[in-house]
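Structure assessment
What follows is the residue order along each chain.
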Amino acid sequence: MCGISGHLARRGTARSDLVRTMTEALKHRGPDGMNFYDTAEVSLGFNRLAIIDPGGSWQPFINHDSTIVLIVNGEIYNYRELRKDLLSKGHVFRSKGDCEVILHLYEEHGTLFLDRLRGMFALALWDERMGRLLLARDRLGEKPLYLRESPDGLLFASEAKALIAAGVDVELEPRSVNAYFHLEYVTEPDSILRGVQKIPAGHLITVNTKDWAIHDRPYWLLDAAEARADRPDHVIADLLRELSPLVAHADQPIGVALSGGIDSSIVAALAARDADIRPKAFSVGYTGHRGIDERELARSFANELDMEFHEIELGPASVVRLFPQVVAAWDDPIADMAGICYFAVMRSAREAGVRVMLQGQGADELFWGYPWVREAMRRADRGSAPIFYELDPDFREARDDGPRYYGEAMRGLTPPLFPPTPPDQLIMSTYLRENGIAQGDRLSMANSVELRLPFVDHHLVDAVIGLRKAAPDHHEPPKHRLREAVRFLLPTAIIDRPKRSFSPPIKQWYEILFASYGELLLEGELVRRGIISPAAARELTKAHFPPGGGSPFAFKALALEMWCRHNLLRRGARPC
């Protein structure tokens with residue numbers, strides 16, 4: 001797991017100085033060392049967090065005649081199978097790690113190499129003979145990659161904060177800000193920064209330098225799975241058995257974020273069975289809120305699995321202290337209070353010597369875990385007009401109140417629209433990808449910990465969607481197919497336990513954060529930039545928490561204000 005960055009020159013010489021600035025800004029993603037590759041046309045930077053083959057596998061990877069150069073942020077789960085096949089075809093490897101297989105797959109298959117990869121990755125590959133740069137992300141978007149094009153060329157990096165450190169202006173894109181206030185995040189390919197894009201998940205971008213032609217194509221689509229009329233519980237169980245030893249493989253200590261729920265319990269049980277090193281379990285609780293505290297349930301199951309158990313308790317003082325650090329770790333701001341919990345768990349893992357964490361994110365989105373997503377599907381069945389995020393009270397608050405809060409820069413903007421998409425696929429391509437996955441990556445890597453999410457393995461996703469096409473399951477109880485599939489793995493008491501969301505005492509935390517930081521909104525960056533009006537800033541500092549809210553408009557405003565202030569301090573070198 002690593003951080004990558006680079007500059008491809010369109011005219012003049014590649015800016016190695018900017019790449020070194022970006023590499024320094026990404027050292028939290030790779031504290032074990034950094035390395036560079038420089039030519040007149042391209043400059044590449046690499047930060048390493050050594051997980052597989054820690055004594056070797058230093059990047060960039062360079063082929064035998066130095067015409068192909070590769071940098072990768074990720075883990076290739078099927079690398080041992082790929083390596084064996086490539087060795088049989090005469091390829092010579094210089095490392096024992098997972099990512100070098102990509103270089104040889106490209107030599108063997110050209111741009112079709114992506115079809116053979118199973119895992120999470122963002123990569124940059126420079127082919128000197130063809131004069132082209134390839135940039136790609138994994139299918140579900142577990143690993144990030146940001147891009148800025150200018151007349152002088154392309155800057156790219158694992159995190160937007162690296163581009164800011166290299167001099168990209170902290171200039172907000174109003175359309176993205178509008179999406180953020182409605183959704184609590186910004187959907188790809190947009191970012192919160194004007195002129196900066198996220199490379200979409202499952203996409204390959206090719207830049208041909210001879211004529212400076214940029215091509216963007218998807219190599220995988222969420223809805224492309226073929227219908228399959230197999231028995232769902234058998235298919236899902238077999239895939240979990242197959243996936244577990246791949247995801248749990250590491251040459252470093254691993255851990256599991258464990259609550260009392262079924263998702264994290266599945267991940268913990270699989271890891272306990274198949275990990276190379278005995279995992280440790282980490283669970284978070286809240287001072288004075290036993291009703292939503294699952295530490296005892298988590299501890300009990302960790303003991304059953306013979307896992308060393310670590311608990312984290314968050315109270316008001318720790319929330320106030322950690323929140324600015326969480327804001328600093330975001331790229332696009334993600335106004336989710338649960339981020340404080342994720343950050344605290346990852347910090348605890350790092351302090352315990354754990355370098356790889358497994359989490360259960362993705363199961364709710366893949367198996368109908370959210371009531372409002374099932375309701376959207378039921379309405380679609382009845383022939384109602386398409387409705388999705390309108391069921392979310394935070395979205396409705398932004399839709400109804402945003403126009404009176406917005407300043408001049410936001411005038412005339414309307415709620416974001418989404419293409420006609422089945423609710424289960426829409427929630428995966430928006431909320432899961434831009435909140436759950438993105439937040440997990442940034443907050444784990446801020447603590448130099450790699451995060452792996454077994455439920456977003458694309459083989460599993462393809463199978464579940466294919467099964468659903470043959471026999472819809474949204475009328476079944478929540479997560480019914482998943483529960484039935486793991487009866488071989490978990491006690492019945494856990495399988496049949498009612499869902500309890502991973503949710504902190506939001507209202508209390510909201511109030512203490514505004515008591516500590518709310519006045520930053522007054523005459524702050526959002527007012528100065530015309531995002532919100534001065535009158536709105538005064539009203540929002542009163543910290544009214546609307547009924548049913550989870551991430552109200554005021555909290556989004558405060559998070560964005562703090563994000564702007566922090567990133568203005570990052571801006572350093574003169575950009576290209």
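Below or above, wherever it landed, is the structure these notes cover. Fair warning: this is a prediction, and the values are worked out from it, not measured in the lab. (Residues numbered from 1 in each chain as written. Predicted model: local features only at pLDDT ≥ 70, side-chain atom pairs only at ≥ 80, totals over all residues. Heavy atoms only, no water.)

With that settled, the discussion passes to empty space enclosed by the protein. One pass over the full model with this rule turns up seven cavities of 30 Å³ or more. The volume enclosed by the largest cavity comes to roughly 160 Å³. Around the largest cavity, the lining comprises 19 residues; the ones closest to its centre are Tyr146, Lys198, Glu434, Ala438 and Arg442. At four residues, the largest contribution of residues to the lining of the largest cavity is made by helix α14 (residues 423-445). Taken together, the residues of the lining of the largest cavity break down into eight nonpolar, one polar and ten charged. (1 Å grid on protein atoms, 1.4 Å probe; cavity = no way out; pocket = protein on both sides within 12 Å on 5 of 7 lines; lining within 4 Å. Points joined across faces, edges and corners; volume = space filled by probe spheres on them. Helix = DSSP H or I, 4+ residues; strand = E, 2+ residues; numbered from the N terminus. Nonpolar A, V, L, I, M, F, W, Y, C, P; charged D, E, K, R; others polar.)

Pairing between strand β2 (residues 34-38) and strand β3 (residues 42-48): five bridges, direction antiparallel. Bridged to Tyr37 within β3 is Leu44. Hairpin connection from β2 to β3: three residues lie between these consecutive antiparallel strands. (Pairing = 2+ DSSP bridges.)

Glancing now at unusual backbone geometry. With an omega dihedral of 5 degrees, the bond running from Gln59 to Pro60 counts as a cis peptide bond. Along the polypeptide, Pro60 turns up in the loop between β3 and β4 (61-62). Pro189 follows Glu188 through a cis peptide bond whose omega is 5 degrees. Within the secondary structure layout, Pro189 lies in the loop between α5 (174-183) and β10 (196-198). Phi at Glu184 is positive, roughly 80 degrees, even though this residue is not glycine. Tracing the chain through its elements places Glu184 in the loop between α5 and β10. Residue class for Glu184 comes out buried when judged on its relative accessible area of 11%. (Buried < 20%, exposed > 50% of the residue type's maximum accessible area, 1.4 Å probe, protein only.)

This paragraph deals with the layout of surface pockets. Roughly 740 Å³ of volume is contained in the second largest pocket. Lining of the second largest pocket is provided by 34 residues; of these, Glu188, Pro419, Ser429, Thr430 and Arg433 occupy positions nearest its centre.

Don't take any of this as a statement about function, it's just geometry.
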